[in-house]
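Okay, here's what each chain looks like letter by letter:
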Amino acid sequence: MKIKKAIFPVGGMGTRFLPATKSMPKEMLPVVDKPLIQYAVEEAANAGIEQFIFVTSRGKSAIENHFDHSFELENNLLSKGKRDTLKTAQEMLKIPGSFAYVRQQEPAGLGHAVWCARHLIGNEPVAILLADDLINGSNTTKEMINNYTSGNMLAIMDVNKKDVSSYGIITPGNCLQNGVTEVNGLVEKPSIEKAPSNMAVVGRYIIEPEIFDVLEKQNKGAGNEIQLTDAIASRIGKSNCFGYKFSEERFDCGSKIGFIQANIKLSIERKEMGSKLKSWLHNELLEYNK
Ligand code: G1P
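Predicted, not measured: the structure shown is a model, and the values here were computed from it.

Calculation criteria
- In every chain, residue numbers begin from 1 and rise along the written sequence.
- Totals for whole chains, interfaces and linings use every residue, but because this is a predicted model, local features are given only for residues with pLDDT of at least 70 and side-chain atom pairs only at 80 or more, for both listing and counting.
- Side-chain measures here rest on the full set of heavy atoms in the structure, leaving out hydrogens and waters.
- Helix and strand assignments come from DSSP, with helices taken as H or I runs of at least 4 residues and strands as E runs of at least 2, each series counted from the N terminus.
- The globule rule used here is 2.2 Å times the number of residues to the 0.38 power, and the radius of gyration it is set against is calculated over C-alpha atoms.
- When checking whether two residues touch, look at their non-hydrogen atoms; a contact exists if any pair is within 4.5 Å.
- Values of accessible area rely on a 1.4 Å probe in the Shrake-Rupley scheme; residue burial ignores everything except the protein chains shown.
- Residues counted as positive are Lys and Arg, residues counted as negative are Asp and Glu, and His and the chain ends are not counted.
- The atom standing in for a charge is NZ when the residue is Lys, CZ when it is Arg, CG when it is Asp and CD when it is Glu.
- The term nonpolar core refers to a set of buried residues drawn from Ala, Val, Leu, Ile, Met, Phe, Trp, Tyr and Cys, joined through side-chain atoms within 4.5 Å.
- The rule is simple: take the accessible area with a 1.4 Å probe, protein chains only, and divide by the maximum for that residue type; under 20% is buried, over 50% is exposed, in between is partly exposed.
- One heavy atom within 4 Å of a molecule or strand is enough for the residue carrying it to be called near that molecule or strand.
- Polar contact is the term for a pair of N or O atoms within 3.5 Å; when the atoms are in protein, one must be able to donate a hydrogen and the other to accept it, and sequence-neighboring residues count only if both atoms are side-chain atoms.
- Here the nonpolar group is Ala, Val, Leu, Ile, Met, Phe, Trp, Tyr, Cys and Pro; Asp, Glu, Lys and Arg are the charged ones; every other residue, Gly included, is treated as polar.
- Criterion used throughout: strands pair if DSSP finds at least two bridges between them.
- In this description, a line fitted to the C-alpha atoms serves as the axis of each element, helices being fitted only across the stretch in contact, and the angle between N-to-C directions of two axes falls anywhere from 0 to 180 degrees.
- Roughly parallel means an angle under 35 degrees; roughly antiparallel means over 145; roughly perpendicular covers 65 to 115; every other angle is labelled oblique.
- Crossing handedness: left-handed means the near helix sits turned counterclockwise from the far one by under a right angle, and right-handed means the same turn made clockwise.

Novice: Looking at this structure, I do not really get the overall build of the protein. What am I missing?
Specialist: On a plain count of helices and strands, the protein comes out with ten helices and 13 strands. Relative to a compact globule of 290 residues, whose C-alpha radius of gyration would be 19 Å, the protein shows 20 Å and is just as compact. Summarising its shape, the C-alpha atoms of the protein cover approximately 60 × 55 × 40 Å along the three principal directions. Pairs at least 24 apart in sequence give 76% of the contacts found in the protein among residues at least 6 apart. Looking at the protein as shown, the accessible area adds up to about 15100 Å², and 50% of this sits on carbon and sulfur atoms. A distance of 2 Å separates the average location of the 35 positive side-chain charges in the protein from that of its 34 negative side-chain charges.

So, in C-alpha cells, the structure goes:
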C-alpha cells in the first residue's frame, strides 16, 4: 500500500535540553551538521512520502525556515562560487506545497498532537515519525511501509527491563515474516512490575485513519496526557496491530546521552573526520583508564 503523508509532531518543549532549547526548537539540535528533524524528513522522503505535515507550537518557526529558501544565504554562496555548499543548503527543498504546518496550541500529549493534524489527512493511513528517535540508515519507515497491509503498525525494539517505564510496551503475539510481529496489547510507560514484555515502541508508526476518531474522545493517560499509545491499544481486536522489529541502529536523542552517542557515531562514520575522531577518542580513553 502506498503511504503518501507523514506527520512529524514537533510541538514538544525540549525541557531536557535547557538552556540550549530555550529559544531554539529541540528538533533543530544538530547531529554532526544536520538538525534532528532533517534526519526524520529524509527517512520519510526515502520511504516515498510526498506530504510532510508538522505539528508545531509557539517558538518553532526555525523548523519552517529550515525547509524553505534562504535567498540571502543562497545568493551569497552563489556569488562566492560555493556550489557544493549551496547544494547542501538547498537539498531539503521539496516541491512547493509539500510541507504543511499546523499548531498544537497546548502541550497535551503525543495523541493530541497527532489529532491536531486530522484535517490534513484524508481517509488513508499515515506515517508518524518522532524526530527524537534518530534511526541511523533511514530505511526503517520504508521497510514498515513495504510490510504494511492494514490497521496499525509500530516500530519495536527490545529494551532493558529497567527502562520499560520510558516507553510504550507491547504484548507480543505471533511472529510473522520479515520482522513483523502481532501486537496483542499495548501500554504506555508501565512500571517494571506491570510491563507485559521488554519490547518497546520506537517513534515510527503507521496509523489507520480511525485513530483520529478515537483520539477525539481519548481520555488523558500516562503523564496526564492524551496518549497515541492508548488510542492504538483501543483498536486492538477491531483492526490489525503489528510491530515491526527494525534492524537499523536507533539513538534516543530525547536524552542527552543518546544525543551525544548519535553525534559520536555519526561523526565517526563521516569520511572527512572519522579517523581523526577515532584516534582522538582512543587516546582520551587511554588517559581515562590509566
Ligand atoms: C513516545 C511514545 C512512547 C514511545 C516513545 C518512543 O514517548 O509515547 O510510547 O515508546 O515515544 O520514543 P515520549 O518519548 O515522547 O515520552
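Novice: For this particular structure, what's the right way to read the nonpolar core?
Specialist: Proteins that are soluble and globular tend to have nonpolar side chains buried together. By size, the foremost hydrophobic cluster in this structure holds 32 residues, and its most contacted members are Phe8, Ile37, Val41 and Phe54. Counting only elements with at least two residues in this core, the list comes to strand E1 (5-9), helix H1 (36-46), strand E4 (51-56), strand E6 (126-129), helix H6 (140-147), strand E8 (152-158), strand E11 (199-207) and strand E12 (241-245). Sorting elements by how many residues they give to this core places H1 first, with four residues. Once residues lying within four places of it in the same chain are set aside, the contact partners of Phe54 are Phe8, Val10, Ile37, Val41, Ile63, Phe67, Phe99, Ala100, Tyr101 and Val102. Ranked by size, the runner-up nonpolar core spans 30 residues in total, among them Ile128, Leu186, Tyr205 and Leu228.

Novice: Which parts of the structure should I look at to understand the site of the ligand?
Specialist: Near the ligand there are 13 residues, and of these Asp133, Gly168, Glu188, Lys189 and Val201 occur at the shortest range. Backbone polar atom of Gly168 to an oxygen atom of the ligand: 3.0 Å apart, as the coordinates give it. For the ligand, whose accessible area on its own is 380 Å², the fraction buried by protein is 78%. Here the element with the most residues in the shell around the ligand is E11; it accounts for three residues. Residue composition of the shell around the ligand, by class: five nonpolar, four polar and four charged.

Novice: I keep staring at the pairing of E11 and nothing clicks. Help me out?
Specialist: Within a regular beta strand, the side chains point alternately toward one face of the sheet and then the other, so they alternate between its two faces. In terms of burial, E11 is largely enclosed, as nine of its nine residues are buried. In this structure, E6 lies alongside E11, joined through four bridges in antiparallel fashion. Looking across to E11, one finds that Leu129 is bridged to Arg204. Two strands pair when backbone bridges link them, and E8 and E11 are joined in this way by six bridges, in the antiparallel orientation. Bridge pairing in E11 places Asp158 opposite Met199.

Novice: Even after reading the chapter, I still don't get the pairing of strand E10 (residues 180-188), so can you show me in this structure?
Specialist: Pairing of strand E9 (residues 168-175) with E10 involves six bridges; the strand directions are antiparallel. Opposite Ile170, over in E10, you have Leu186 as the bridge partner. Taking the residues that link successive antiparallel strands as the turn, the E9-E10 hairpin has four residues, and the phi of Asn178 there is positive, at about 55 degrees. Summarising the sheet, E10 and E12 pair through three bridges and their orientation is antiparallel. Bridge pairing links Glu182 to Phe242 in E12.

Novice: Got a minute to help me understand the side chain of Lys60 in this structure?
Specialist: With respect to the secondary-structure elements, Lys60 resides in the loop between E4 and helix H2 (61-66). Residue classification places Lys60 among the buried residues on the basis of a relative accessible area of 5%. Here Gly12 takes part through its backbone oxygen, which lies 2.7 Å from a polar atom of the side chain of Lys60. Side-chain polar atoms of Lys60 contact the side chain of Glu27, separated by 2.9 Å. When sequence neighbours within four positions are dropped, the list of residues in contact with Lys60 reads Val10, Gly11, Gly12, Pro25, Lys26 and Glu27.

Novice: Just checking my understanding: could you explain the packing of helix H9 (residues 256-268) against helix H10 (residues 274-288) for this structure?
Specialist: To describe two helices that pack against each other, one gives the angle between their axes and the distance between the axes. The contact between H9 and H10 brings their axes to 7 Å, and the two run at 125 degrees. Here H9 is positioned oblique relative to H10, judged by the angle of their axes. The residues of H10 that touch H9, namely those facing Ile264, Ser267 and Ile268, are Gly274, Leu277, Lys278 and Leu281. The residue makeup of the contact of H9 with H10, split by class, is four nonpolar, two polar and one charged.

Novice: It is not clear to me how the packing of helix H3 (residues 71-79) against helix H4 (residues 83-90) should be interpreted in this structure. Could you clarify?
Specialist: For the pair H3 and H4, interaxial distance at closest approach is 8 Å and the crossing angle is 160 degrees. By the criterion of interaxial angle, the relationship of H3 to H4 is roughly antiparallel. For the pair H3 and H4, the crossing hand works out as left-handed. In this structure, H3 contributes Leu73, Glu74, Leu77 and Leu78 to the contact, and H4 contributes Arg83, Thr85, Leu86, Ala89 and Gln90. In terms of residue class, the contact of H3 with H4 is built from five nonpolar, two polar and two charged.

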